[in-house]
Amino acid sequence: MTPKTAIVRIFLFWFLCCSAPLSSVPVVAAADSGSDEACDAPDVNEYPPPPKSCRLLLSPRPSSSQDIDDDGDRKYGIYSAVTIPKNHPLTPLGGDLVLHLIDVSTSNEHKTSAHVENTVQLQKWKKHGYIQEAAISGHGGNYEGLGDIWTVLPGISMLGASPQQKQGRPNIWASIPENDEASHPRHQSALAGSFALHYNLTHQVTVPGGLEGGDEVLVDRSGWHRKRALMLNSDDTAVNDGSSNNNSKDDTTMSIDHLFSHGTCLDNIYPGKSFNGHGRGALASRLIPSGSIVAPVPVLPLPRDELKFLRLKEWKKVTSFRKRLLKETAGGKSDGEGDVTEDELPLPPDMEWRQQLLLNYCYGHEQSSVLLFPYGVFVNYINHAPSASESTDGPVANVKLQWSERLMNTTTKLDVRSLTPSQLWEQSTPPEGLILELVALKDIKPDEEILLDYGSIWSEAWKEHSDQYPESILKLADDHTLEKEYSPAYIMDDVVTNLRTVEEQTQFPYPENVFTACFYRYDTEATTKSDTVNKGKTEATPWKMSLGLFDMTNLRPCKVISREPANDRFATPQQLKQQGQPPQGKMLYTAIIQNRPGLPANERIPKGTKHIVSGIPRGAFRFVDRPYASDIHLDGAFRHNIGVDEAKIYPEVWLDLKSE
């Protein structure tokens, strides 16, 4: 570039950015953003390219692949830049969080006209594959509440496209996530209940030839792998012939050069232990130079009100209260049908709206009803630290948020930042084209924790919460003080070797917050052939191991009624005598199997039938937290969106709560 050309470019940038009158600023400009700050923003083409060591990149998909349909297709795709063999993890350093929306259908079934659209946007997310029903997702959470539980899987699961063809095969599969309190139990930490307990949802490559450089990652949203385990796929013959998948390579593969020139790296960060006392955090996987893009952050807009909810038993109380109130105020303001408008009906005096845990992971502005949920890879692990300008002796934020103009300008015909909140909610599909990006404020060293300033409003709310701990958190929704014998289900699984029978539990009960469950697939045909006592009322059958059995959808409540040493079933009496007692914990159990919520009709044990299964190994049992018992249900658990007020990324048109 010649000096003359450079001068001309600088003049044009100054003229367009700094000399334009306020009336010419486009509607998508960030609210309250000063012209000086806008002029300091780097050109979108001046960012360093993705590092050559990057394994996964986010890039706009080919135009032929961008049609959004009900199967959850995407405008942007995840592409591999390297060869990843079959059965190897897509992200070797860890997996993403799993969040659950509690009693979603409950609030929708009992809604008033004031909350008539209480879950409309969430239902759109579900329709287009952004969230799934916990009962069929296989990622846990089935027992978190008594109503419908929906699972939110940020990262690969939400971001990746699914196979275009109805019988196309996905090329990755997600294992069961881990579950623990991240060293922040309710008796010791004000953080208890404020973060996702399920984490490390890791995807494995499943296609026979593995992924090659340039291949697109295709997510399983239809339960393809589960159906295959049950031999229910109509295309089993086709997928067993060694082909990598049934989709056209022309639509799902890009050149490496194209990916690095148009894409953004997805694996600059990885999940690990926070060095700043936050439990889990996001760490740098390589050196990230100052000014580089740390991670793309696609976001989905959501109305604040959709994260308000009540539990099933609470809705029953509300319904009764409002019926009584309507009778008492029958002579009041009418909605034209002789009743007081439901918009004016409050909750009972002793009840408040609850907030879904998802709120803690959303970006928000105090003057806007619009929340933005980030679903980029590992970005929800990023913790808070104040900005360097604030007086502090601790760690400071090393990244900031801004709009990714480069990615947004490639596929988005309509800039949804120009829409009002009501226009946003009128869109038939979730607005996919909104992408933020995290930019490094300094050189970030490998394994250094990534930290973002959550804003002053969030900081004040957290300080108030933590100052009141433990009084703010140490009680459950039923107002009973937490008792010392509370023990999370995952700890019970670790410490209980031999399970107690129902009879033994009358004298030595388990903690009230847990129950036992078994991995078991109810097979109508098998039970018909089994030995049956009092046919139609009691069924008895042996436990069988089968492909895909240890899927969370097969985890059912069960009650142990007896146990016996796990000796070799085929050994002679003399051999059994020589073997002696089996090692401690090597027992087989007989249990009564029950139905779990959300089972399809063909998998439900008939009503009135006692289904007894024998020969169940200890490994097929799990302790499960009872509904509303885990930490995320604590009444005093911290709830507040991540503040982006100071980041000035919200367009003026979204500030619908701004006071005049």
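(A) Seen up close, the confidence of the model for the chain. In this model, the chain carries an average pLDDT of 81, and 75% of its residues clear a pLDDT of 70 or more. Segment residues 234-248 is flagged for pLDDT under 50; beyond a separation of four residues in sequence, or across chains, it makes 32 contacts in the model. Considering only residues more than four positions removed or in separate chains, one finds that residues 332-340, a stretch of pLDDT under 50, has twelve contacts.

(B) A look at the pairing of strand β22 (residues 514-519). In terms of residue burial, β22 counts as a mostly covered element, since six of its six residues are buried. Residue alternation in β22 divides its side chains into two sets, V514, T516 and C518 and F515, A517 and F519, and both sets are buried. Of the strand pairs in this sheet, β22 and strand β28 (residues 621-625) are connected by five bridges, and their pairing is antiparallel. What sits directly across from A517, in β28, is R622. Pairing between β22 and strand β25 (residues 555-565): three bridges, direction antiparallel. For A517, the partnering residue across the bridge sits in β25 and is P557.

(C) Summary view of helix α11 (residues 312-328). Taking 1.5 Å of rise per residue, 17 residues should cover 24 Å, and α11 covers 25 Å from first to last C-alpha, within 8% of that figure. Along α11, the residues that are buried comprise E314, W315, V318, F321, R322 and L325. Mapping the buried residues of α11 onto a view down its axis gives an arc of 125°, with all of them on the same face. Facing away from the buried side of α11 by more than 90 degrees, the exposed set consists of K313, K316, K323 and K327.

(D) Up close: the sheet that holds strand β2 (residues 76-80). Taking strand neighbours across the sheet as the criterion, the three strands line up as β2-β1-β10 in an open arrangement whose pairing is antiparallel. Two strands in the sheet have a free side with no partner beyond their single neighbour: β2 and β10 (264-265). In the sheet, strand β1 (residues 56-60) pairs with β2 via five bridges, with the strands oriented antiparallel. Within the sheet, the bridge partner assigned to L57 lies in β2 and is Y79.

(E) Layout of the packing of aromatic side chains. The final tally for this structure, using the stated rule, is 14 aromatic pairs. Judged by centre distance (6.1 Å) and plane angle (35°), the ring pair of W125 and F373 falls under tilted. Remark: F373 occurs in strand β17 (residues 370-374) and W125 occurs in helix α4 (residues 120-127); sequence separation between them is 248 residues. In this pair, the class of W125 matches that of F373, namely buried. Both rings, one in Y130 and one in Y375, keep their centres 5.7 Å apart while their planes meet at 75°; by these two values the pair is edge-to-face. Residue Y130 is found in the loop between α4 and β4 (131-133), and its partner Y375 is found in the loop between β17 and β18 (383-384); the two are separated by 245 residues along the sequence. Among the aromatic side chains, those forming a connected cluster through ring pairs are Y454, W458, W462 and F638. Taking NZ or CZ as reference, R74 lies 3.8 Å from the ring centre of Y130, over its face. Of note, R417 hangs over the ring of W403, and the distance from its end group to the ring centre comes to 5.0 Å.

(F) Seen up close, unusual backbone geometry. The backbone of S183 sits at a positive phi, close to 60°, despite the residue not being glycine. Structurally, the position occupied by S183 is in the loop between β7 (178-179) and β8 (198-201). Relative accessible area serves as the criterion here: at 69%, S183 is assigned to the exposed category. Phi at Y628 is positive, roughly 65°, even though this residue is not glycine. Overall, the relative accessible area of 11% leaves Y628 in the buried class.

(G) Region of the structure containing the nonpolar core. In terms of nonpolar packing, the biggest core is built from 92 residues, with L358, Y363, F373 and L438 touching the most fellow members. For this core, the leading source of residues is strand β13 (residues 293-303), giving six residues. In this structure L358 touches L99, L101, W125, V152, L302, L307 and F373, once residues within four positions along its chain are discounted.

(H) Representation of the pattern of salt bridges within the structure. What the rule picks out here adds up to 16 salt bridges. The residue D635 makes a salt bridge to R354 at a minimum N-O spacing of 2.9 Å. With D635 in the loop between β28 and β29 (642-643) and R354 in strand β15 (residues 354-355), this residue pair connects regions lying 281 residues apart in the sequence. Look at D635 and you get partly exposed, because its relative accessible area is 30%. It is possible to trace a salt-bridge network through shared partners that takes in E314, R354 and D635.

Rules of the game
Residues numbered from 1 in each chain as written. Predicted model: local features only at pLDDT ≥ 70, side-chain atom pairs only at ≥ 80, totals over all residues. Heavy atoms only, no water. pLDDT = per-residue confidence, 0-100. Contact = heavy atoms within 4.5 Å. Buried < 20%, exposed > 50% of the residue type's maximum accessible area, 1.4 Å probe, protein only. Helix = DSSP H or I, 4+ residues; strand = E, 2+ residues; numbered from the N terminus. Pairing = 2+ DSSP bridges. Expected span 1.5 Å × (residues − 1). Arc of directions from axis to C-beta. Phe/Tyr/Trp six-rings, centres within 6.5 Å; stacked < 30°, edge-to-face > 60°. Lys NZ or Arg CZ within 6 Å of the ring centre and 35° of its normal. Core = buried A, V, L, I, M, F, W, Y, C linked by side-chain atoms within 4.5 Å. Salt bridge = Lys/Arg side-chain N within 4 Å of Asp/Glu carboxyl O.

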